[in-house]
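# Analysis of the macromolecular model
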Amino acid sequence: MIKIQKLVRPHMKRITPYASARNIYKGGDFELMDANENPFGMYNRYPDPTQDKLKAALSRIKKVPPEKIFLGNGSDEIIDLLIRLFCEPGQDKVLAFTPTYGMYKVCAEINNIKMIEEPLSSDFQISTPALHERFNDTSIKICFICSPNNPTGNSINGKDLKYILRTFKGVVVIDEAYIDFSSKASMIKYLQQYPQLVVLQTLSKAYGMAGLRIGMAYNHGEIIQLLNKIKAPYNISDVNQKQAIAILNAFKNNPSTKVIIRERKRLKSALSKNGSIKYIYPSEANFLLCKVNDASSIFQFLLDNGVVIRDRSNEIPNTVRISVGKPEANNKIIDLLKAYNETESTIS
Ligand SMILES: *Cc1c(COP(=O)(O)O)cnc(C)c1O
């Protein structure tokens, strides 16, 4: 069993967290004269620092007890907090499998932490034999795995995730931002077995609340307590907590996810008939990664016609990433790319 206390930066263990008065007097009918708030106004009170009601709503949906849930101002905040918790600047490292989500590297660099990039194979899977040597390097404190992966769209093989959980001696972060669009099960079921496992999810994608900035970390418990200790006391605003609770309590089974999965299939099938699209990678997410002849010209053509997509050529040569939209938007991009293909074929 991995000892979390041995992995944490020593000074983090000694920190006395900020004690907000609102932690103690929760929910009761008190005259609140403790926090120097203005007694007048609509947004005059500080938000719940431990987000109890929001955690309860998530707990019902995700079947994870509230004490195993940490909430961040987007999962991006949690990525930063994890790096700060475990990595000594200028000394420790993190590991990620590239191409992948850009924030791991950005957060690592901001904290003066080196990110080791282990390239994914041609089908964007992890080559486990190459990891043997990496895993002997005890300065690598966190291993980030994005599954389904952004920008490639595929899920990482479950046996490789389990291999890393069994073998790596540091914290294993599995970023499941797109899990609701995937046919694979969440790794949440391994929380009990592996205290070093942190599963990240978000309300930004399948739950349609990117504007509210709420991300979730699930863990056996010890890392949750440490994150609670170092987070900003009021990291999620009152308005955002209340909106998220209202939306989560209103939907029983996330209705837009089905539509997006259906549209992903329809968009893929229409675009695969287009001569300008050379290949569409298998997707378990809400976007399609497409290999094209000339990514920058497709990008510019769509932009000139009012549609923004993402050119991912810097990571994977001549690729663009298209997020699945509403049916009308998908029809628009299908038609525009048909027109683009007709001009491309006349020129060449
Ligand atoms: C979109 C995305 C997130 C979400 O980040 P938030 O800060 O919660 O909006 C996290 N991880 C990956 C891989 C993503 O693509």
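Now for a quick tour of the structure. (Residues numbered from 1 in each chain as written. Predicted model: local features only at pLDDT ≥ 70, side-chain atom pairs only at ≥ 80, totals over all residues. Heavy atoms only, no water.)

### As for the overall build of the protein chain
Keep this limit in mind: Each helix is a run of H or I in the DSSP string that is no shorter than four residues. Each strand is a run of E no shorter than two, and both are numbered from the N terminus. In this treatment the radius of gyration is a C-alpha quantity, and the globule benchmark scales as 2.2 Å times the residue count to the 0.38 power. When accessible area is computed with a 1.4 Å probe and restricted to protein chains, residues below 20% of their type maximum are described as buried, those above 50% as exposed, and intermediate ones as partly exposed. Two residues qualify as a contact provided that any one of their heavy atoms is within 4.5 Å of a heavy atom in the partner residue. Per-residue and other accessible areas were derived by the Shrake-Rupley procedure at a 1.4 Å probe size, with only the shown protein chains allowed to occlude residues. By the counting rule applied here, Lys and Arg register as positive and Asp and Glu as negative, while His and the ends of each chain are not counted. Charged side chains are reduced to one point each, which is NZ for Lys, CZ for Arg, CG for Asp and CD for Glu.
A count of helical and extended segments in the protein chain gives 13 helices and eleven strands. Taken over the C-alpha trace, the protein chain has a radius of gyration of 22 Å; the compact-globule value for 348 residues is 20 Å, and the two agree within 12%. On the principal axes, the C-alpha backbone points of the protein chain span a range of 75 × 55 × 35 Å. A buried classification covers 51% of the 348 residues belonging to the protein chain. Put simply, of all contacts in the protein chain between residues at least 6 apart along the chain, 70% involve residues at least 24 apart. Summed over all atoms, the accessible surface of the protein chain reaches about 17,100 Å², with 54% contributed by carbon and sulfur. When the 47 positive and 34 negative side-chain charges of the protein chain are each reduced to one mean point, those points stand 5 Å apart.

### A look at the pattern of salt bridges
Note that side chains of opposite charge can pair when their charged atoms are close. As a reminder of what qualifies: By definition, a salt bridge exists where a carboxyl oxygen of Asp or Glu is found within 4 Å of a side-chain nitrogen of Lys or Arg.
Overall, the coordinates contain 14 salt bridges when judged by the stated rule. Close ionic contact of Asp-238 with Lys-242 constitutes a salt bridge, the shortest N to O distance being 2.7 Å. Of the two residues, Asp-238 and Lys-242 both sit in helix α10 (residues 238-250), four residues apart, roughly one turn of that helix. Its relative accessible area of 51% is what places Lys-242 among the exposed residues.

### What to know about the site of the ligand
We apply this condition: Proximity is defined per residue: any heavy atom of the residue falling within 4 Å of a molecule or strand makes that residue near it. Polar contact is the term for a pair of N or O atoms within 3.5 Å; when the atoms are in protein, one must be able to donate a hydrogen and the other to accept it, and sequence-neighboring residues count only if both atoms are side-chain atoms.
The local shell around the ligand holds 13 residues, among which Tyr-178, Thr-202, Ser-204, Lys-205 and Arg-213 are the closest. At a separation of 2.7 Å, an oxygen atom of the ligand approaches a polar backbone atom of Ser-75. Note that an oxygen atom of the ligand is positioned 3.1 Å from one of the backbone N or O atoms of Asp-76. Against a free-state accessible area of 390 Å², the protein chains account for coverage of 94% of the ligand.

### Comments concerning the sheet that holds strand β8 (residues 277-280)
To keep it simple, the criterion reads: Two strands qualify as a pair provided DSSP detects at least 2 bridges between them.
The strand order β8-β9-β11-β10 describes an open sheet built from four strands, whose pairing is antiparallel. Whereas interior strands pair on both sides, the edge strands pair on one side only; in this sheet they are β8 and β10 (310-311).

### Quick word on unusual backbone geometry
Residue Ser-147 is joined to Pro-148 through a cis peptide bond whose omega torsion reads -5°. Relative to the helices and strands, Pro-148 resides in the loop between β4 (140-146) and α8 (158-167). Asn-150 connects to Pro-151 through a cis peptide bond whose omega is 15°. Within the fold, Pro-151 resides in the loop between β4 and α8. A positive phi angle, near 55°, is found at Lys-63, a position not held by glycine. Mapped onto the elements, Lys-63 comes out in the loop between α4 (52-62) and β1 (69-72). Backbone geometry at Asn-112 places phi at a positive 60°, although glycine is not the residue there. Relative to the helices and strands, Asn-112 resides in the loop between α6 (103-110) and β3 (114-119).

The values reported here are purely geometric and, on their own, carry no functional implication.
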